[in-house]
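Structure assessment
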Amino acid sequence: MERFRANVMLCAGTGCVASGTMKVKAALQDELKKRGLENEIKIVLTGCNGYCAKGPVMSVYPDDIFYQALTVEEIPKLVEEHFLKGRPCQKLMFKEPEEKSPVPLMKDIPFFKYQVLRVLRNKGLIDPEKIEEYIARDGYQAAAKALTQMTSQEIIQVMKNSGIRGRGGAGFPTGMKWEFCSKVPSDVKYMLCNGDEGDPGAFMDRSVMEADPHAVIEGMIIGAKAIGAHNGYLYVRAEYPLAVKRLQLAIGQCYEAGLLGKNIFDSGFDFDLEIYQGAGAFVCGEETALMRSIEGKRGMPRPRPPFPAHKGLWNKPSVLNNVETLAQVPLIILNGADWYKSRRMHH
Amino acid sequence: MPRLTIDDLQKIKEKYKAEFSLREGGYRAKVTVHMGTCGIAAGARSVMTAMMDEIANANVKDVIVTTSGCAGLCAREPMITVEIINQAPIKYCDLNEGKIKEIFKEHVIGGNPVEKYALVAGCETTY
């Protein structure tokens, strides 16, 4: 494997792409080549870093230097000064309003400093289009554990003990939702993910899907095992083309690696997953409307009961979880219920 | 990619360890090559390449190489600073590729500073 002395993590979330990431990337590539540094400095495109207002942004490791508001014009100087001569470029660093001196390190910038990253544990640290990088950060270890060492009841018990509640906003206890569905006998059940983030100005699910698509898929695999589902849909709004693209790539990689499909990890468990794109109706973020939409009908909510755990998609028992909820599932399975409980807010 | 087994997950993680120790900061030693104009003119690029090659050939995954500017002693370039985490950084001067091999083996891997090439203990910050 090639060895690089630095990794440049260039943000390629929707915000930064819109403000010019791809042009900056091309300029960086050209300049590194010109300086003969292309085998020493590696450019990695990441998901949303979170600091979209000053995009395109990038962080340079191992130095941990954070650059913002990059432009094509600045790249030649940046490459010469920082990557060749080891003098980070102050002009492109973060500055506090009213302060003169820049803050060079990402870990010292107030916006990042107080963040404790769990659901966004891989944002900006991995290339979301490479399954190996997710695996390098303990990806699919939780799915392996859940599929080969745990029963459905054990998974549900961990989820219940952890106290996790739906992160979509309604806050229904996830473990309980899974338990209801697991108890309904049926040959066909569905594990569903709600990526129809419709609230204006809300982008937390998009960030997760763009930056760490495999975390969502892994959460769905574990959920599917818990409820006994062998089919799933990721319902993602079509207005998130980058999220759709990265999830689609991730699903393809999973099929190739045997992490979706038949007999995952030789556990005898099968799970098939596909994306269904929403067509831009706010109401389809509501669970019963979302299921109707997947059925090809007009996305109208219907009264409950019956609840989806009994009659959901195509009237089969179904569980629908939010993106952020699912992305936490691998963490809970790996680190245990007490770990999660010790970190949650008290209700 | 072939079907993955649980063992493969660990193998992939191991394979990417060097890259992620860069990103996550879990490295054991840091080698800083001084790459000011003076350093480059005196041969810092080949010194750095030599160090990178040593690391790659030994397949060591917990050592990083970084660069910094002129340390102010242009006459003694090329210079590097070797810092084993939690030990005093050591600055080496008047280097060439042969000395790099020795420093890599003795100090970076062995943990014992090579006194005959060392200039001083201590280092400026790298930003």
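Residues numbered from 1 in each chain as written. Chains lettered and ligands numbered in written order. Predicted model: local features only at pLDDT ≥ 70, side-chain atom pairs only at ≥ 80, totals over all residues. Heavy atoms only, no water.

Here we take up a nonpolar patch on the surface. Together, Phe172(A), Met176(A) and Phe180(A) line one region of the surface with nonpolar side chains, adding up to about 270 Å² of accessible area. Mapping Phe172(A) onto the fold places it in the loop between α7 (152–162) and α8 (174–182). (Patch = residues over 30% accessible without salt bridge, like charges linked within 9 Å, V, L, I, M, F, W, Y side chains within 5 Å. Areas by Shrake-Rupley, 256 points an atom, 1.4 Å probe, with all protein chains shown as cover. Salt bridge = Lys/Arg side-chain N within 4 Å of Asp/Glu carboxyl O. Helix = DSSP H or I, 4+ residues; strand = E, 2+ residues; numbered from the N terminus.)

So, on to the interface of chain A and chain B. The interface is formed by 50 residues belonging to chain A together with 39 residues belonging to chain B. Where chain A abuts chain B, roughly 3700 Å² becomes buried across the two surfaces, and 57% of that area is made up of carbon and sulfur atoms. Between chain A and chain B we count five salt bridges in total. Arg23(B) is the partner of Glu133(A) in a salt bridge, and the nearest nitrogen-oxygen pair spans 2.9 Å. Where chain A touches chain B, the interface holds 16 residue pairs in polar contact (both at pLDDT 80 or more). (Contact = heavy atoms within 4.5 Å. Buried area = accessible area lost by both parts, 1.4 Å probe. Polar contact = N/O pair within 3.5 Å; in protein donor to acceptor, adjacent residues only side chain to side chain.)

Take unusual backbone geometry next. Of the consecutive residues Pro305(A) and Pro306(A), the connecting peptide bond is found in the cis state with omega at 0°. Note that Pro306(A) resides in the loop between α12 (287–294) and β9 (318–322). With an omega dihedral of -5°, the bond running from Glu77(B) to Pro78(B) counts as a cis peptide bond. Structurally, the position occupied by Pro78(B) is in the loop between β2 (63–68) and β3 (80–84). One non-glycine residue, Trp314(A), lies in positive phi territory at about 45°. Among the secondary structure elements, Trp314(A) is positioned in the loop between α12 and β9.

All right, on to the domain arrangement of chain A then. All names here are of chain A. Per the domain assignment, the segments making up chain A are domain 1 (6–113) and domain 2 (138–343). Taking only C-alpha atoms, the centre of domain 1 and the centre of domain 2 are 35 Å apart. Each partner contributes to the roughly 450 Å² buried at the junction of domain 1 and domain 2, and carbon and sulfur atoms together form 46% of this total. Taken together, the connections running from domain 1 to domain 2 amount to zero salt bridges. Taken together, domain 1 and domain 2 are joined by two residue pairs in polar contact (both at pLDDT 80 or more). (Domains from an automatic or database assignment.)

This brings us to the pairing of strand β3 (residues 58–61) of chain A. All names here are of chain A. Burial along β3 is two-sided: Met58 and Val60 facing one way and Ser59 and Tyr61 facing the other are all buried. Sheet topology places strand β1 (residues 6–11) next to β3; four bridges connect them, and they run antiparallel. In the sheet register, Met9 faces β3, and the bridge partner there is Ser59. Alignment of β3 against strand β4 (residues 65–67), held across three bridges, turns out to be antiparallel. From the neighbouring strand, Ser59 faces β4, where its bridge partner is Phe66. Adjacent in sequence and paired antiparallel, β3 and β4 are bridged by three residues, among which Asp64 carries a positive phi angle near 70°. (Buried < 20%, exposed > 50% of the residue type's maximum accessible area, 1.4 Å probe, protein only. Pairing = 2+ DSSP bridges.)

The next thing to look at is the nonpolar core. Within the largest apolar cluster, 69 residues are counted, with the highest numbers of intra-cluster contacts made by Tyr140(A), Trp178(A), Met191(A), Ile217(A), Leu234(A) and Phe271(A). Ranked by residues supplied to this core, first place goes to helix α10 (residues 213–227) of chain A with nine residues. (Core = buried A, V, L, I, M, F, W, Y, C linked by side-chain atoms within 4.5 Å.)

Another aspect to go through is the sheet that holds β1(A). Ordered in space as β2-β1-β3-β4 (chain A), the four strands form an open sheet in which the pairing is mixed. This sheet does not close on itself; its edge strands, each paired only once, are β2 (41–46) and β4 of chain A. Adjacent strand axes in the sheet meet at a mean angle of 20°, parallel and antiparallel pairs treated alike. Docked against the sheet, helix α2 (residues 17–24) of chain B engages β1, β2 and β3 of chain A, running at close to 65° with respect to β1(A). (Axes fitted to C-alpha atoms, helices over the stretch in contact; angles between N-to-C directions.)

With that settled, the discussion passes to the packing of helix α6 (residues 141–149) of chain A against helix α1 (residues 6–15) of chain B. The angle between the axes and the distance between the axes are what describe a pair of packed helices. Following both chains from N to C, one finds α6(A) and α1(B) inclined at 165°, their axes separated by 10 Å at the closest point. Judged by the inter-axis angle, α6(A) sits roughly antiparallel to α1(B). For the pair α6(A) and α1(B), the sense of crossing is left-handed. From α6(A), Gln141(A), Ala144(A) and Thr148(A) reach across to α1(B), where they touch Ile6(B), Leu9(B) and Gln10(B). Its residues assigned to classes, the contact of α6(A) with α1(B) comprises three nonpolar, three polar and no charged. (Parallel < 35°, antiparallel > 145°, perpendicular 65-115°, else oblique. Left-handed = near helix turned anticlockwise from the far one by under 90°. Nonpolar A, V, L, I, M, F, W, Y, C, P; charged D, E, K, R; others polar.)

Tallied over the full model, the rule gives 28 salt bridges over all chains. Between Lys42(A) and Glu19(B) there is a salt bridge whose closest N-O contact spans 2.5 Å. Of the two residues, Lys42(A) is situated in strand β2 and Glu19(B) in helix α2; the pairing between them involves two chains. Across the pair, Glu19(B) and Lys42(A) agree in class, each one buried. Across the pair Lys101(B) and Glu54(B) runs a salt bridge, and its minimum N-O distance is 3.3 Å. Taken together, the residues span a long stretch of sequence, with Lys101(B) in helix α5 (residues 97–109) and Glu54(B) in helix α4 (residues 44–58) at a distance of 47 residues. The buried category is assigned to Glu54(B), whose relative accessible area is 15%. Three or more residues are tied together by salt bridges with common partners; here these are Lys42(A), Glu133(A), Glu19(B) and Arg23(B).

Residues and elements named next belong to chain A. Helix length check: α10 (15 residues) gives 22 Å between terminal C-alpha atoms against 21 Å at 1.5 Å per residue, within 8%. For α10, a buried count of 15 out of 15 residues is recorded, marking the element as mostly surrounded by other parts of the structure. Once α10 finishes, Gly228 follows within two positions and takes phi at roughly 85°, a positive value. (Expected span 1.5 Å × (residues − 1).)

Residue and element names in this part refer to chain A. The mixed open sheet is built from five strands, whose spatial order is β7-β8-β6-β5-β9. Both edges of this open sheet fall to β7 (261–264) and β9, since each of them pairs with a single strand only. Here the average twist between neighbouring strands, direction ignored, is 25°. Direction of pairing for strand β5 (residues 190–195) relative to β9: parallel, over a ladder of five bridges. Among the inter-strand pairings, Asn194 is bridged to a residue of β9, identified as Asn322.

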